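Okay, here's what each chain looks like letter by letter:
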Amino acid sequence: MTAVACAAALVGISACGSGSGGKNDDAKGDTKPSATASAKASEAPKKSDLDGLSAQETLRKAQSALGAAKSLHLKQDNNETGRNIRIDLFSDTKGNCNATVSNADEGSNTVVKRDNKVWMKPDSTMMEKEFGGKAAAAQGVLKDRWIGGSDNDPMLKKPAKVCDLLPTMQRKILASDESRTQLTKGEPTTVEGVRVIPLKGTNAKGAQVEMDVVVDGPHYPVKMVETDNGKTTTSLFSDYDKPLPATTPSAAETLDAVEFRAQAKTAGGAAA
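All of the points below concern the structure found in this document. Sequence order as written defines residue numbering, which begins from 1 separately in each chain. Where totals are concerned, whole chains, interfaces and linings use all residues; where local detail is concerned, this predicted model gives features only for residues with pLDDT of at least 70, and gives and counts side-chain atom pairs only at 80 or more. The basis for the side-chain values is all heavy atoms of the structure; hydrogens and waters are excluded.

### Things to note about helix H7 (residues 257-266)
Looking only at H7, the buried set comprises Ala257, Phe260 and Ala264. For H7, the angular spread of the buried residues around the axis is 50°, confining them to a single face. Pointing more than 90 degrees away from the buried face of H7 are the exposed residues Val258, Lys265 and Thr266. A 3.5 Å cut-off defines polar contacts: any pair of N or O atoms within that distance qualifies, except that in protein one atom must be a possible hydrogen donor and the other a possible acceptor, and neighbouring residues in sequence count only when both atoms are side-chain atoms. Here a strand is any run of E in DSSP of at least two residues, a helix any run of H or I of at least four, and the numbering for each starts at the N terminus. Capping the start of H7 is the job of one residue whose side-chain oxygen sits 2.9 Å from the backbone nitrogen of Val258: Asp256. Think of it in three bands: residues with accessible area under 20% of the maximum for their type are buried, residues over 50% are exposed, and the middle band is partly exposed, with areas taken using a 1.4 Å probe on protein chains only. By arc we mean the arc of the directions from the helix axis to the C-beta atoms, nothing more.

### Regarding the environment of Asp144
Here Asp144 shows up in the loop between helix H4 (135-142) and strand S7 (146-150). The exposure class of Asp144 is exposed, given its relative accessible area of 63%. Spatially, the C-alpha atom of Asp144 lies 9.1 Å from that of Thr254, the residues being 110 residues apart in sequence.

### Structural notes on the packing of aromatic side chains
Note on ring pairs: Phe, Tyr and Trp rings are taken, using the six-membered ring of Trp, and paired if centres are within 6.5 Å. Classes follow the plane angle, with under 30 degrees stacked, over 60 edge-to-face and the rest tilted. Under the counting rule described, the total for this entry stands at 2 aromatic pairs. Taking 6.1 Å as the distance between ring centres and 75° as the angle between the ring planes, the aromatic pair formed by Phe131 and Phe260 counts as edge-to-face. Of this pair, Phe131 sits in helix H3 (residues 124-131) while Phe260 sits in helix H7, placing them 129 residues apart in sequence. Phe260 shares its class with Phe131; the two are buried.

### A word on the packing of H4 against H7
H7 packs onto H4 with a crossing angle of 135° between their chain directions and a minimal axis gap of 9 Å. When the axis of H4 is compared with that of H7, the two are oblique. The way H4 lies across H7 gives a crossing that is right-handed. Of H7, the residues touching H4 (which contributes Ala138, Val141 and Leu142) are Phe260, Gln263 and Ala264. Here the contact of H4 with H7 is composed, by residue class, of 5 nonpolar, 1 polar and no charged. To get an axis, a line is fitted to the C-alpha atoms, and for a helix only the part in contact is used. The angle between two axes follows their N-to-C directions and goes from 0 to 180 degrees. Each angle gets one of four labels, with under 35 degrees taken as roughly parallel, over 145 as roughly antiparallel, 65 to 115 as roughly perpendicular, and the rest as oblique. What makes a crossing left-handed is the near helix being turned counterclockwise from the far one by less than a right angle; a clockwise turn instead makes it right-handed. Note on contacts: a residue pair qualifies if any of its non-hydrogen atoms lie within 4.5 Å across the two residues. Under the scheme applied here, ten amino acids are nonpolar (Ala, Val, Leu, Ile, Met, Phe, Trp, Tyr, Cys and Pro), four are charged (Asp, Glu, Lys and Arg), and all others, including Gly, are polar.

### Notes on helix H6 (residues 165-175)
Regarding H6, the residues found buried are Leu165, Leu166, Pro167, Met169, Gln170 and Ile173. Where H6 is buried, its residues meet helix H2 (55-68), strand S2 (71-78) and strand S3 (85-92).

### Some thoughts on the pattern of salt bridges
Whenever a carboxyl oxygen of Asp or Glu lies within 4 Å of a side-chain nitrogen of Lys or Arg, that contact is scored as a salt bridge. The final tally for this structure, using the stated rule, is 6 salt bridges. Two residues, Arg195 and Asp216, come together in a salt bridge whose shortest N-O distance is 2.9 Å. With Arg195 in strand S10 (residues 194-203) and Asp216 in the loop between strand S11 (208-214) and strand S12 (221-228), this pair connects stretches of sequence that are 21 residues apart. Assessed through its relative accessible area of 22%, Arg195 is described here as partly exposed. Given the relative accessible area of 32%, Asp216 is considered partly exposed. Residue Asp239 pairs with Lys242 through a salt bridge whose shortest N-O separation is 3.2 Å. Judged by its relative accessible area of 27%, Asp239 falls in the partly exposed class. On the basis of relative accessible area, Lys242 is assigned to the partly exposed category, the value being 46%.

Shown next as C-alpha cells:
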C-alpha cells in the first residue's frame, strides 16, 4: 500500500517583479498632532525586525526559521496531479509523524511512525483499491485494527515516507541558493489569526507562489499557495516546535504486517 506524499516547494522562488514593498510616509500640517492623529499613532502596529527588509531578505528569514524548526503541522490541499490529494501531517526532524493522506478516488490512509516502527490504518476505499474483490476477506482479518511493523516492511515502507517531509524540506533549504531571487513584498495582513508579510513570486517550475511569513516572533511560513497551469496547492503550517503526541496504537489495536499478510492469504486475500 502506498501513501501519496505531496510537498509544497518552499524554496526556489524566482523573479515575479521587483520591489520590497516599503512604506512612504508623508508628514504634512501643523507641528502639533491633532486628536485624530494622536489616536492613529496609538493604534500604529508594532515594529518588527522585518521592517525595512527587502522581499529577498524576508524570504531568507523565513527559510532560516523553517530550517531550524524541530517539528511542524502541515495541512495541504493538493490537486497538482489532477486529483484532490489532502495531507494532514504532524512531523519532526527525526522522521516521526502522525499523518493522514487522502484522495477522493483512492481513499485515505492514516500513518503513525516512531523511530523505525510504523502503523497504518487504510480506510475501506483504499482496501478495495488494494485488494479488489478480495478486500472483504482482508478487512475481515484486519478487524479495524492498525497494520504495524518495521519501516523496512514492504507494506509499510512507502507509506512511512510521508514522515520524511520536514527533513526533506529542510535539506532543500540548506542546499538552495536564493541570492538572485527577486520577489514582491506586500503590506502586513492577517492570515490564520497571525500577522504576516506576504511574499509573491514565481518558482523554478514557473508556478505562481505566495508565501505568508510571520511578522512577530520567529518568521515561520504560515501559508503557501502555489498555482501552476490552473492547478492549486494550498499549504498551511502551524504548531512549530511542538512535541508529537506521545501515544501510539496499542498492541491490542495492532496486527503485525507479516501476520496480516499470512492471514489475508489464507482468507483468500492478496496482500501487497
